[in-house]
Amino acid sequence: SDAERYRCPYFTELQPLRGEGLVFILLSVLSSELYSYTEEPEFALNRDNFEEDFRSHGADRESVRVRKKEHLDQFLCPTFLLGVFDECDTEVDVLHWSRHNIFLLYDMGLFTALLELLSMEIDNSQACSSAVRKPAISLADSTELRVLLSIMYLMVETVRVQTEDDRPEWREAREAFKNELGSPLYNGEPFALLLFTMVTKFCSMNAPHFPMKKVLLLLWKTILFTLGGFEELQEMKVRGRERLCLTPLPEDSIKVVRAMRAASPPASAMELIEQQQQQQKRGRRSRRPLVKQDSLDTYNERDPFKNDDARDEEEDPEDTDSGIEGEVDPLDRDVIIQPPPPPPPLRPPTERVNFPKGLPWAPKVREKDIEHFLETSRNKFIGFTLGNDTETLVGLPRPIHESVKTLKLHKYVSIAEVQIKKEEELQQCPLSLVTSLSFFCQIALLKLLLAAAPTSKAKTDSINILADVLPEEMPITVLQSMKLGIDVNRHKEIIVKAISALLLLLLKHLKLSHIYQFEVVSQHLVFANCIPLILKFFNQNIMSYISAKNSICVLDFPHCVVHEMPELTAESLEAGDCSQFCWRNLFSCINLLRILNKLTKWKHSRTMMLVVFKSAPILKRALKVKQAMMQLYVLKLLKIQTKYLGRQWRKSNMKTMSAIYQKVRHRLNDDWAYGNDIDARPWDFQAEECALRENIEKFNSRRYDNSRNSDFTPVDNCLQSILGQRVELPEDFHYSYEIWLEREVFSQPIQWEGLLQNP
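- Per an unreviewed UniProt entry, the chain carries the name Striatin interacting protein 2 and comes from Nothobranchius furzeri.
- Per its UniProt entry, the chain bears the Sequence similarities (unreviewed entry) comment "Belongs to the STRIP family."

Following this line, the structure appears as C-alpha cells:
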C-alpha cells in the first residue's frame, strides 16, 4: 500500500486484482522484509521442529487440516503461521494458508499469550546484562525475541489488510483486534507503548540484543492499524471540518498528487559543459534564434529542460560547498520513475497531447494574510489601522475592495487555527477542567535513523543496529561476505523505511488530534537536530540510493521456502534483482521530505535553519529523481526559503522557480517569488520558538499536569462523583479497617442537633 500510494508501477499494474490475489502479493512483499537473509536457515529448522512434533503426537495430516483447533496447542510454532509451507506447492498457497491459520490463532487467543511472553523477555534482566557484557552480539542472542516479534508482526499485518472476500467472522475479528491493540493490554498501557519502551531501552544501551528492525516494523504496523493510514486521516480531517462547521476541503490531496506527472530536473553545470562541447564538435553555432522560454509545464508533451542553451540554467555556485558531510556525483543520470506509459495513439507529428490545463491546487488565504493586507492598505491610504477588523473598508479605493473580495473568496481556515484560538480562550479561563490524556514522545527514533543513514560514519559510541542480522560465525569466503553486505544494507534500508513512516504517521495523527500535541513533538525533534539529520541523509548520491539493488530475490520469503534454491554466484549477487529502482528507498525519501516540510511549515526560525545549512543545493540535486510526489515536497521546501536565498539565486534558477509556480499551492499574497532580500534576525527567530514553547507549556499544564494550583481547582459538589472517587489507602489498612471503623465511626457520637443549628 505504501508503494502504490507513491505510484509505484509494480503496484499500479496490480490494481485490477481484487480479493485474495492482491492481498497475497502485498503480504509477500511486506513479509519478505521481516526476515533477513541470515535468518533463512531458520525456516528449515522451524519446519523440522514442526514435523517432529507432528510425528510425536501421532496425528495424521488430514486430521490436522480438518480439526486444527484440537491440534493447535501441539503444533504452535512459526511454521504453522507461515502456512505449513512444506505442504504447499506455490507461493500463493503459502500465503493463503498463512492468512487462514493466523485468523484461527487469533480466534484461539494466541496474541494475549504472546504478549505475556514478550513482556517476560523484555524484563529478563539476565539476558540484558549478558548482552551488555558481550563484545559482539549476533542472531543467537535474540532467538526468542525474534520468534515472538515475527509471529506478532505477521498477525498484525495479516489481520490489518482487508479484502472484499473476507468472511464475516474475519471482519469482526479485525475490528476486535484493532480495539484490543488500542486498549491498555499490559500494565495499563497500549501495545504500541510497550514497543516504544523497547526502543528506548535499546537506545540507552541497556538491551543491545533487541532485534530493532522487527520492533520498528511491528510498531509502525501497529500504529498504522490502530490509528489508520493516510486515507483514513483524510476522512477524519473531512469529518473534523464538518464538526467545526468549516468549509469543505478544496480538493483531495491524495488524488491530486497521484495525478501529477514528474518534471525533468535542472541540468547540472557539468552536463551543460558537455552539451557545449558536443555542439562545438558538431560545428553548431552557440547562438540560437530568440524563442519564448518554456516553463516547467508537465502537461506539455515537450520536455522543457531538454534544451541546448547553457545560459537558461546555471548551477548554483554554492553547490560545491553544501556544509554537510558527504560527496555527490554531479554526473547523475536523469531517469523517470513513472509507470510505463501506454503506447500513444496514431496522430500527426505536430499534434500535442491535450491534458487538463490550470494549476493542480486551489489557492488558499489565511485570516492573518487578510488582516495584514488590510493593515498595510489602511496605513497607506488612511493613516491608521482598525486592528483585526476585516469587514470595514471605508476610505479604501475600489481596487482594494476587489482584492479583499478575492482574498476572502479563497479564505481557508484550518483545524489547527480553530484549536489555537480555542486554547487562547481557555487560557483566559483557568477554572476549566480537562480530562488528562496520556502522552508519549521518544527521540530515540532519531538515534536509530542516524545509525541507519547511509551517510553516517561508524563510531565507537554509536548504537549497534546490526544485532539481529549478524551471524554467529562471520563469513570466510568472498561470496558469503557479499551476501552479508547486501543483507546489512537491506537491513538499514528497512529500518529507515520503518522509522520515516512511523514518524510521519505520528506527526499527522497528532496534528489532527490537536495542534499543540503536534507542536510539542515537532519542537523536540527540531531540538534533537532532526532537520540537519534529514539534510545529511539527502546529501548523498540520491540517484544511487534510489536505484540501489540490495536484495536477493531467491532468498525472499515465501520464494525461498517453496522453490529450490539455485546456486548463488558473485555475478548474480552483483546483478541484483530485475527491478530498476528500489521502491523501499523511494518511499523512505518521500517520508523524510514530508517530515521536513511539517517541521518547517509556517516557522521562520526553522526555515532559516534550512538556509544556514545550505539545503538549497542538496534539495536541487534531489530533483533529479523524476517522481512527481518526491519532486512536489522538494519544491515545497525550496519555495519557503527562496526569499532568503537572494535575487541572484532566483535569477539563475528560473526553471526551478517555474516548477514551484506550477506544482506547489499558491498563497495569493505570498511574495515568495519576488520578495526582496530579508535580513536574518536571530533574536526574532529565537523569540518565535520561545513563544511557541510558552504556549505548549500552558497547553501541557492545563491538560496533563495533575498538580494544578488548588486555588483554581473547582469544587466537586456531586455526591455520586465524590463517592465514586478512588482513594489511595495504605497497605496495612486492609488488615485493620474494622478497628478503624470502630474507633473513628461507630464509637463517635453524632451530634444531630448541630445540623439544625444556624451557623
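### Notes on a nonpolar patch on the surface
And step 1. Together, Trp-740, Val-745 and Phe-746 make up an exposed nonpolar region whose accessible area comes to about 310 Å².
And step 2. Assignment of secondary structure puts Val-745 in helix 37 (residues 733-746).
And step 3. Residue Val-745 is classed as partly exposed on the basis of its relative accessible area, which comes to 37%.

### Some remarks on the nonpolar core
And step 1. Within the largest apolar cluster, 146 residues are counted, with the highest numbers of intra-cluster contacts made by Leu-118, Phe-191, Val-199, Leu-448, Phe-538 and Met-630.
And step 2. Discounting residues that sit within four places of it in the chain, Leu-118 has contacts with Leu-145, Leu-148, Leu-149, Met-152, Phe-191, Leu-194, Leu-195 and Met-198.
And step 3. Counting residues in each nonpolar core, the second largest holds eight residues, with Leu-374, Leu-393, Val-404 and Leu-407 among its members.

### Some points on helix 28 (residues 583-600)
And step 1. Between its terminal C-alpha atoms helix 28 stretches 26 Å, which fits the 26 Å expected from 18 residues at 1.5 Å a residue.
And step 2. Counting buried residues along helix 28, 17 of its 18 residues qualify, which places the element largely inside the surrounding structure.
And step 3. Looking at the residues trailing helix 28, positive phi occurs at Trp-602, about 60°.

### Focus on helix 23 (residues 515-527)
And step 1. Under the 1.5 Å per step criterion, the end-to-end length of helix 23 is 18 Å for 13 residues, consistent within 8% with the ideal 18 Å.
And step 2. With eleven of 13 residues buried, helix 23 is to be regarded as a mostly interior element.
And step 3. Residues of helix 23 that are buried: Ile-515, Tyr-516, Gln-517, Phe-518, Glu-519, Val-520, Val-521, Ser-522, Gln-523, Leu-525 and Val-526.
And step 4. Positive backbone phi, at 65°, marks Asn-529, one or two positions downstream of helix 23.

### As for the packing of helix 22 (residues 478-513) against helix 28
And step 1. One can describe the packing of helix 22 onto helix 28 by two numbers: an axis separation of 9 Å at closest approach and a directional angle of 35°. For the pair helix 22 and helix 28, the crossing hand works out as left-handed. Where helix 22 approaches helix 28, its residues Arg-490, Glu-493, Ile-494, Val-496, Lys-497, Ser-500, Ala-501, Leu-503, Leu-504, Leu-507 and Lys-508 are matched on the opposing element by Arg-584, Asn-585, Phe-587, Ser-588, Asn-591, Leu-592, Arg-594, Ile-595 and Lys-598.
And step 2. For the contact of helix 22 with helix 28, the per-class residue count stands at nine nonpolar, four polar and seven charged.

About the thresholds
- Residues numbered from 1 in each chain as written.
- Predicted model: local features only at pLDDT ≥ 70, side-chain atom pairs only at ≥ 80, totals over all residues.
- Heavy atoms only, no water.
- UniProt positions renumbered as here; feature names shortened; annotations may be inferred.
- Patch = residues over 30% accessible without salt bridge, like charges linked within 9 Å, V, L, I, M, F, W, Y side chains within 5 Å.
- Areas by Shrake-Rupley, 256 points an atom, 1.4 Å probe, with all protein chains shown as cover.
- Salt bridge = Lys/Arg side-chain N within 4 Å of Asp/Glu carboxyl O.
- Helix = DSSP H or I, 4+ residues; strand = E, 2+ residues; numbered from the N terminus.
- Buried < 20%, exposed > 50% of the residue type's maximum accessible area, 1.4 Å probe, protein only.
- Core = buried A, V, L, I, M, F, W, Y, C linked by side-chain atoms within 4.5 Å.
- Contact = heavy atoms within 4.5 Å.
- Expected span 1.5 Å × (residues − 1).
- Axes fitted to C-alpha atoms, helices over the stretch in contact; angles between N-to-C directions.
- Left-handed = near helix turned anticlockwise from the far one by under 90°.
- Nonpolar A, V, L, I, M, F, W, Y, C, P; charged D, E, K, R; others polar.

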